[in-house]
Amino acid sequence: MFNMGSSSIKIVWVLPAILVMAQSCFVAKNYERPEEIEAQAQKLFRTDSLPQDSLSMADISWRELFTDPILVGHIEKALENNIDIRIALQQIMAAEAYLKQGKLGYLPSVNATLQNSYQETSGNSQFGNFFSTLSQNQLSATASWEADVWGKIRSQKRAYEAGYLRSVAAHQAVKTRLIANVANTYYQILSLDEQINVTDTTVQTRSRSLETTRALKDAGSVTEVGVQQIEAQLYTAQAILVNLKNQRRRLENAFSILLGEEPHAIERGKLSEQYISIKPELGYSMSVLENRPDVRAAEYELVNAFELTNVARSNFYPSLSISATYGFQAVSPNPLLTPESIFLQVVSSLSGPVFQRRAIKTQYEAAKASQQQAVLNFRRSLLVAGQEVSNALSDLNATDSIVSIRQREVGAYRKASDYSQELLNNGLANYLEVLTARQNALNSSLQLIQNRQAQLSALVNLYTALGGGWK
């Protein structure tokens with residue numbers, strides 16, 4: 001029977017104790033958010049009309065934000081089938097695999113070996129006169145373990161964790177953008193539906209007006225110039241109608257892609273039925289750090305770079321490792337699995353870099369540069385977030401005012417169009433006044449529809465800019 005020597009026992013017990021004590025000599029740095037980021041996050045966006053408080057509309061689920069069940073159904077389908085969403089999920093799975101690997105970094109690695117070696121020796125060699133052939137069989141298992149003296153393994157584990165969280169946040173960012181794109185495209189299609197209805201009604205009205213003008217021309221009330229002007233205005237409306245229908249078809253095709261489907265007609269409601277009853281609450285500026293998934297992804301990218309810098313720094317220090325091989329060794333297979341064939345080898349090593357042609361220093365400098373890039377990317381993501389919130393809030397306030405003004409404008413132009421037509425029929429106005437009033441009425445009506453759609457989109461964009469949609 002094989003007996004472990006007293007010296008081997010001392011190595012097995014004493015060396016780990018030495019390694020544990022050595023771990024207190026150096027600990028990798030812990031990540032702390034840069035002070036300039038904290039200061040920047042305090043004043044991300046500007047507002048003159050809405051107070052900042054602890055609540056944010058981003059905390060509300062998108063299911064509560066949108067009241068149209070058809071739109072809700074489209075969003076659900078997009079979240080399930082959209083290609084970008086599915087790609088992001090695969091990225092999460094890849095990051096999760098690395099995370100599982102990082103969690104096992106503290107454990108030893110174990111390899112099993114079944115080996116047979118055979119050698120015919122030369123008669124002129126050192127042992128040629130004693131052995132003509134050498135043969136050996138070995139069945140063994142080797143366990144090796146590296147002590148995390150400098151925090152290298154822990155930093156690698158944290159880097160993997162940050163990478164995984166970054167992939168999750170990136171998926172959430174894709175989800176947020178997708179929901180906003182589906183909603184905004186849906187509203188654009190509804191807006192085009194209403195613009196088409198208005199333009200189609202205008203075409204029919206102008207067709208009847210052309211007949212009336214021709215009758216007035218026969219009666220001598222207007223000239224042929226007036227008839228041609230009215231006819232040209234009819235063609236203008238018809239051209240607008242064709243263009244609007246083409247835009248709607250293209251938007252339906254784009255909407256189908258968002259759903260992960262081939263281009264097809266889209267089920268939908270009406271623009272007049274759309275409303276968002278959620279109050280646009282901003283919350284504190286700092287809440288963007290927690291709610292915006294793209295901002296959180298940028299910070300996780302910084303954490304990843306920070307931990308990889310720790311890993312690069314640890315390469316300057318020596319590594320401590322221990323390995324043990326245990327198994328059976330014999331010159332022939334028959335007596336291999338016997339007590340006399342048992343062997344044990346324990347090796348402890350302390351190895352450190354001496355001259356690496358600047359490789360380690362280069363890796364460290366590159367890691368530090370990558371970390372600084374990550375800091376700048378994090379700062380930029382905050383600036384972009386603040387800009388998007390400020391712009392969306394400004395757009396919302398502007399569209400609210402514009403819709404109110406445009407409604408009065410449309411009413412005035414419609415009255416002017418009706419009055420001018422009535423005056424023309426009675427010979428009290430010229431056809432130029434009628435043309436101008438009609439064209440202004442059509443343009444104003446189309447603008448009002450677009451402003452209503454922009455009003456809805458501004459609220460969706462504010463919701464997205466604050467980080468809503470992924471919860």
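Within each chain, residues carry numbers counting from 1 in the order of the written sequence. Owing to the predicted nature of the model, reporting of local features is limited to residues with pLDDT of at least 70; listing and counting of side-chain atom pairs is limited to 80 or more, with chain, interface and lining totals taken over all residues. Derived side-chain values reflect all non-hydrogen atoms in the structure, with water molecules and hydrogen atoms excluded from consideration.

**Quick word on the overall build of the protein chain**
Every helix listed is a DSSP run of H or I at least four residues long, and every strand listed is a run of E at least two residues long, numbered separately from the N terminus. Along its length, the protein chain carries 11 helices and four strands. In the structure as shown, the protein chain presents an accessible area of about 26,200 Å², 53% of it carried by carbon and sulfur atoms. The method behind every accessible area is Shrake-Rupley, applied with a 1.4 Å probe, and residues are considered shielded solely by the protein chains displayed.

**Re the pairing of strand E2 (residues 133-146)**
Being paired, for any two strands, means DSSP has found at least two bridges between them. When strand E1 (residues 109-120) meets E2, the two strands line up antiparallel, connected through 12 bridges. In the sheet register, Gln 119 faces E2, and the bridge partner there is Leu 134. Bridge count between E2 and strand E3 (residues 319-330): 10 bridges; the pairing is antiparallel. Residue pairing across strands places Gln 138 opposite Gln 329, the latter belonging to E3.

**Notes on the pattern of salt bridges**
Salt bridges, as used here, are contacts in which a Lys or Arg side-chain nitrogen is within 4 Å of a carboxyl oxygen on Asp or Glu. Enumeration over the complete set of coordinates arrives at 17 salt bridges. One salt bridge in this structure joins Arg 158 and Glu 307, with 3.9 Å as the shortest N-O distance. With a gap of 149 residues between them, Arg 158 in helix H6 (residues 152-218) and Glu 307 in helix H9 (residues 293-314) connect regions that are remote in the sequence. Given a relative accessible area of 24%, Arg 158 falls into the partly exposed group. Burial status follows relative accessibility: with a 1.4 Å probe on protein chains alone, a residue under 20% of its type maximum counts as buried, one over 50% as exposed, and anything between as partly exposed.

**So, the confidence of the model for the protein chain**
Each residue carries a pLDDT value, the predictor's own confidence for that position, ranging from 0 to 100. On average, residues of the protein chain score 84 in pLDDT, and 86% of them reach the 70 mark or higher. Whether two residues are in contact is decided by their heavy atoms: any pair within 4.5 Å suffices. Scored below 50 in pLDDT, residues 1-6 makes seven contacts in the model with residues more than four places away or belonging to other chains.

**So, unusual backbone geometry**
Residue Arg 358 is not a glycine yet carries a positive backbone phi of 70 degrees. Structurally, Arg 358 is set in the loop between strand E4 (342-351) and helix H10 (359-425). Assessed through its relative accessible area of 43%, Arg 358 is described here as partly exposed.

**Notes on the nonpolar core**
For our purposes a nonpolar core is just a set of buried Ala, Val, Leu, Ile, Met, Phe, Trp, Tyr and Cys residues, chained together by side-chain atoms within 4.5 Å. Met 57, Phe 66, Tyr 187 and Leu 462 are the most contacted members of the largest nonpolar core, which totals 69 residues. Top element by residues in this core is H6. It accounts for 14 residues.

**Observations regarding the side chain of Ser 341**
For Ser 341, the location among the structural elements is in the loop between E3 and E4. Each residue touching Ser 341, except ones within four places of it in the same chain, is listed here: Gly 327, Phe 328, Gln 329, Ala 330, Pro 335 and Leu 336.

**Regarding the packing of helix H4 (residues 69-81) against H6**
Axes here mean lines fitted to C-alpha atoms, for a helix over just the part in contact, with angles spanning 0 to 180 degrees between N-to-C directions. For the pair H4 and H6, interaxial distance at closest approach is 10 Å and the crossing angle is 140 degrees. One way to sum up the angle between H4 and H6 is to call them oblique. Our pair here, H4 against H6, has a crossing hand that is right-handed. Touching Ile 70, Leu 71, His 74, Ile 75, Ala 78 and Leu 79 of H4 are Lys 175, Leu 178, Ile 179, Val 182, Ala 183, Tyr 186 and Tyr 187, all from H6. Put simply, angles under 35 degrees are roughly parallel, angles over 145 are roughly antiparallel, angles from 65 to 115 are roughly perpendicular, and the rest are oblique. By definition, any crossing whose near helix is turned counterclockwise from its far helix by less than a right angle is left-handed, and any crossing with a clockwise turn is right-handed.

**Quick look at the sheet that holds E3**
Paired through backbone hydrogen bonds, the strands of a sheet run either parallel or antiparallel to each other. Strand order across the open sheet formed by four strands is E1-E2-E3-E4, with antiparallel pairing between neighbours. Each end of this open sheet is capped by a strand with a single partner; those strands are E1 and E4. For this sheet, the mean angle separating the axes of adjacent strands, direction not counted, is 25 degrees.

**Remarks on the packing of H6 against H9**
Across the interface, H6 lies against H9 with an axial gap of 8 Å and an inter-helix angle of 165 degrees. Overall, the two elements H6 and H9 adopt an arrangement that is roughly antiparallel. The handedness of the crossing between H6 and H9 is left-handed. Only Asp, Glu, Lys and Arg are considered charged in this grouping, and only Ala, Val, Leu, Ile, Met, Phe, Trp, Tyr, Cys and Pro are considered nonpolar; every other residue, Gly among them, is considered polar. Of the residues in the contact of H6 with H9, the class split is 12 nonpolar, eight polar and seven charged.

**Some points on the packing of aromatic side chains**
Stacked, tilted and edge-to-face pairs are distinguished by plane angle, under 30 degrees for stacked and over 60 for edge-to-face with tilted covering the rest, among Phe, Tyr and Trp rings (Trp via its six-membered ring) whose centres lie within 6.5 Å. One pass over the full model with this rule turns up six aromatic pairs. Measuring from centroid to centroid gives 5.8 Å for Tyr 98 and Tyr 160, while their planes differ by 15 degrees, and the two rings are stacked. In this pair, Tyr 98 is assigned in helix H5 (residues 83-103) and Tyr 160 in helix H6, connecting sequence segments 62 residues apart. Note on Tyr 160: relative accessible area 27%, which makes it partly exposed. Taken together, the ring pairs connect Tyr 186, Tyr 187 and Phe 255 into an aromatic cluster. Over the ring of Trp 470 we find Arg 296; its NZ or CZ atom is 4.7 Å from the centre of that ring. Geometrically, a charge over a ring is one whose NZ (Lys) or CZ (Arg) sits within 6 Å of the ring centre while staying within 35 degrees of the ring normal.

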